[in-house]
Amino acid sequence: MTSHPAHKTHGAHGTHAASHGTGHSAGHGRAVALFGGTFDPVHAGHIIVAQAAQRRFHLDAVYFVPSSRPPHKSGSELTPFVHRYAMVALACAEHRGFLPSLAEAPADGATPHFFYTVDTIRRFRRDHPDDHVYFIVGADQFLEIPTWKNYETLLDLCDFIIASRPGFRIDALRLVVPPEKLGRSASHDPQKIQLRKSVIHLLTTVSSHVSSTEVRDRLEQKKNIHGLVPARVEEYILGQALYR
Ligand code: ATP
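All of these numbers come straight from a predicted model, not from anything done at the bench.

Draft legend 1. Region of interest: unusual backbone geometry. Between Asp40 and the following residue, Pro41, the backbone shows a cis peptide bond with an omega angle of 0°. Looking at the element boundaries, Pro41 is found in the loop between strand 1 (31-37) and helix 1 (44-56). Phi is positive for Asn150, close to 45°, though the residue is something other than glycine. Mapped onto the elements of the fold, Asn150 is located in the loop between helix 4 (139-142) and helix 5 (151-157). C-beta crowding within 10 Å serves as the criterion here: with 14 such atoms nearby, Asn150 is assigned to the partly exposed category. Unlike most non-glycine residues, Tyr243 shows phi in positive territory, near 60°. Here Tyr243 lies in the segment after helix 7 (231-240).

Here you go:
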């Protein structure tokens, strides 16, 4: 098994107030979130989501995990991993506790490779057994979760932070959870779905219309993207003439 240098960076240790479902943190580890995506490119919506999650769950670290080639987006052309990773690293540079991750980097740096979230989370947990692990995902992606590899196992592996996204009904999220996964007693907290082995937290305080598609479209049309991506990412995109 490969180790992931970015995951070896340790943030502040401490206790955290969020309630935990997976019970695999002994209380001495960190609270960390993995935020997976194509990040083609990383944009202001991603940052808003990560900041809101960091605040609400007292996260010591948020790992941005650019995917090499996500199975569910296999038809589309992706910008090479190195560029997407570089942009994520630049975006992370501005925020304490945000870290770029090479967990789904192509082995030779270039050839795309399929990675499945279930395997990435499992590996992370094996490398960091004391950490309490969350997975951040947008509502649009979570609604697709039944199509992900071993999603029932994935639901047991970590807690989820689901970010609301304009146009996606947050109440529909419950429908994609298999009934047998639901906890015996329903949570009274409307922001929380209690599963038998984990918890799904709804992050309804965020609402950003920004998408990577919009950023790419605007660049193709030679429109400016000011404010849609972090300033350093904008500089990188323009400097490297990406998305032309
Ligand atoms: P694209 O437009 O290329 O499909 P995207 O904007 O959805 O890309 P991704 O890199 O696919 O960006 O997203 C990574 C994760 O961030 C996904 O879980 C996605 O749902 C979530 N996400 C992206 N943009 C937002 C947003 N504006 N609000 C909430 N979640 C978001």
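Draft legend 2. Looking closely at the nonpolar core. Ala33, Ala53, Val62, Phe64, Ile136, Ile161 and Ile162 are the most contacted members of the largest nonpolar core, which totals 59 residues. Per-element tally for this core: the top contributor is helix 2 (residues 81-93), with eight residues. With residues up to four places along the chain from it excluded, the contact list for Ile136 reads Ala33, Phe35, Val49, Ala50, Ala53, Ile161 and Ala163.

Draft legend 3. Summary view of the environment of Arg122. Examined against the element boundaries, Arg122 turns out to sit in helix 3 (residues 117-127). For Arg122, a count of 16 C-beta atoms within 10 Å puts it in the partly exposed group. Spatially, the C-alpha atoms of Arg122 and Thr153 are 9.9 Å apart, while their sequence positions differ by 31 residues.

The rules we used
Residues numbered from 1 in each chain as written. Predicted model: local features only at pLDDT ≥ 70, side-chain atom pairs only at ≥ 80, totals over all residues. Helix = DSSP H or I, 4+ residues; strand = E, 2+ residues; numbered from the N terminus. Buried ≥ 20, exposed ≤ 12 C-beta atoms within 10 Å, placed from the backbone. Core = buried A, V, L, I, M, F, W, Y, C linked by C-beta atoms within 7 Å. Contact = placed C-beta atoms within 7 Å.

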